[in-house]
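# Structural characterization, general
One-letter residues, chain by chain:
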Amino acid sequence: MLVAVRTSAEQTATDSLHAVVRARPAWRRIPLAPYLYILPALTMLVVWVYTPLAETFQLSFFRWNLIPTQPKVPVGTSNYVEVVALPELHRALVNTGIYIGALLVFSLLLPLLIALVSRRVNGRARTAYQALIFVPFLVTPVATSAVWRWMFDPAGGAITALAHHLGFELGNVFRSPSMAIWAVVAIVGWQMLGFGVLVVSAGLAGISPDYAAAAALDGARDRTILRRITLPLLSPTLTFLGLMTILLGAQWTYPVIDILTQGGPSDSTTNIYYLLYEFGFRTFDAGAAGAAGMLFFLAFGVIALIFVELSERLSFHDN
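Residues numbered from 1 in each chain as written. Predicted model: local features only at pLDDT ≥ 70, side-chain atom pairs only at ≥ 80, totals over all residues. Heavy atoms only, no water.

## Thoughts on unusual backbone geometry
Spelled out, the test is: Secondary structure is summarised from DSSP: a helix means a run of H or I of at least four residues, a strand means a run of E of at least two, and numbering begins at the N terminus for each.
Here the bond from glycine 264 into proline 265 is cis, since omega is -5°, no more than 30 degrees from zero. With respect to the secondary-structure elements, proline 265 resides in the loop between helix H10 (222-260) and helix H11 (272-281). With a phi close to 70°, leucine 66 is a non-glycine residue in the positive phi region. With respect to the helices and strands, the residue leucine 66 is situated in the loop between strand S1 (62-63) and strand S2 (73-74).

## Looking at the side chain of serine 268
Our working rule: A 1.4 Å probe rolled over the protein chains alone gives each residue an accessible area, and that area as a share of the maximum for its type sets the label: buried under 20%, exposed over 50%, partly exposed in between. Contacts: residue pairs with any heavy atoms within 4.5 Å of one another.
With respect to the helices and strands, serine 268 occurs in the loop between H10 and H11. Given a relative accessible area of 2%, serine 268 falls into the buried group. Contacts of serine 268, omitting those with residues within four sequence positions, involve Arg91, Asn95, Pro177, Ala180, Ile181 and Gly263.

## Topic: the environment of valine 308
Structurally, valine 308 can be placed in helix H12 (residues 286-314). Placed 65 residues apart in sequence, valine 308 and leucine 243 show a C-alpha to C-alpha distance of 8.1 Å.

## Looking at the nonpolar core
Let me state the cut-off plainly: For our purposes a nonpolar core is just a set of buried Ala, Val, Leu, Ile, Met, Phe, Trp, Tyr and Cys residues, chained together by side-chain atoms within 4.5 Å.
Of all hydrophobic cores here, the largest spans 33 residues; its most connected members are Val188, Val200 and Leu204. Going through the elements one at a time, helix H4 (87-118), helix H8 (180-205) and H10 are the ones with two or more residues in this core. A total of eleven residues in this core trace back to one element, the largest contributor, which is H8. By size, the runner-up hydrophobic cluster in this structure holds 15 residues, among which are Ala92, Ala250, Ile272 and Phe300.

## Concerning the layout of surface pockets
We count it as follows: A cavity here means a set of 1 Å grid points, computed over protein atoms only, where a 1.4 Å probe fits but cannot escape. A pocket is an open set with protein on both sides within 12 Å along at least 5 of 7 lines, and lining residues have an atom within 4 Å of a point. Grid points are joined across faces, edges and corners, and a volume is the space filled by probe spheres set on the points. Amino acid classes used here: Ala, Val, Leu, Ile, Met, Phe, Trp, Tyr, Cys and Pro are nonpolar; Asp, Glu, Lys and Arg are charged; the rest, including Gly, are polar.
Space inside the largest pocket adds up to approximately 740 Å³. Considering the residues around the largest pocket, the lining is formed by 22 residues, among which Leu53, Thr56, Leu276, Gly293 and Met294 are closest to the centre. At the level of elements, helix H2 (33-59), H11 and H12 are the ones that each hand at least two residues to the lining of the largest pocket. Take the lining of the largest pocket: its biggest share by element is nine residues, from H12. A breakdown of the residues in the lining of the largest pocket according to their chemical character gives 16 nonpolar, five polar and one charged. Its boundaries defined by the atoms lining it, the second largest pocket holds a volume of some 610 Å³. Lining the second largest pocket are 22 residues, with Leu116, Arg119, Leu204, Leu226 and Thr230 positioned closest to its centre. Breaking the lining of the second largest pocket down by element, the ones donating at least two residues are H4, helix H5 (124-138), H8, helix H9 (209-217) and H10. The element contributing the most residues to the lining of the second largest pocket is H10, with six residues.

Just geometry here; none of it tells us what the structure is for.
Put into structure tokens, the structure is as follows:
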């Protein structure tokens, strides 16, 4: 009898609690704690990303020279038409494609090879080996550019002297229309190589060695294990590095271009980010800079969406 009374009382209390919860407004039933945790990050995202993006979109429909006392003249979509027709934009897009394609070698192919080779190194030697490769990533672009400018100096730089000893005359690499862009690629690729090696090494460390051991017991060779087991399990990491290179490759090259070549000679090293800088802060054409920025934003947004969708379909995950 006592158990029945207690059960009835507990059921009554539970029903009363449910009735109180149902009586609350819908917005009060939403747990607020998780949203409060991410509120600072969302606030910074709105202030530093989405607000400038909205202002850039607004400026793209005006003609303005960035002087506060000068009025903004509405011009409709003429900024977009003028920017698309510029030969400088076409050259910058081609150069951006070259940068991205060349940097994929330094962010995907070489890091994969180095990470696979470094797996054969054991103990502290592996840590030291990976640390030496990662150190260039920690050097600031300004210091990196200064060192490489000295190494490529036509009047006795280390690389220039070595090339002369081997029978090649490099001349002034950063003033050569055919060589300047590849010098920028070499500098940025050397600096970003360590980041790629670190990410690939972390991906390899997350793969259980039991798979390779089981395949070896079944008679699989090292090449087969690499092609059928290691690379598929590493595909999410490689996809991430590929996406990072496509979206940020031109941004990585910007400081080196600004310090060493200023987009020259003859726009041979200009990319889309440096072109935006020239529109905004050299010609003081805020409208053209805004229009170009919005076009690049939409283009990279579409590329990111396509790449993310492909990564979900092509990546193999170890569940």
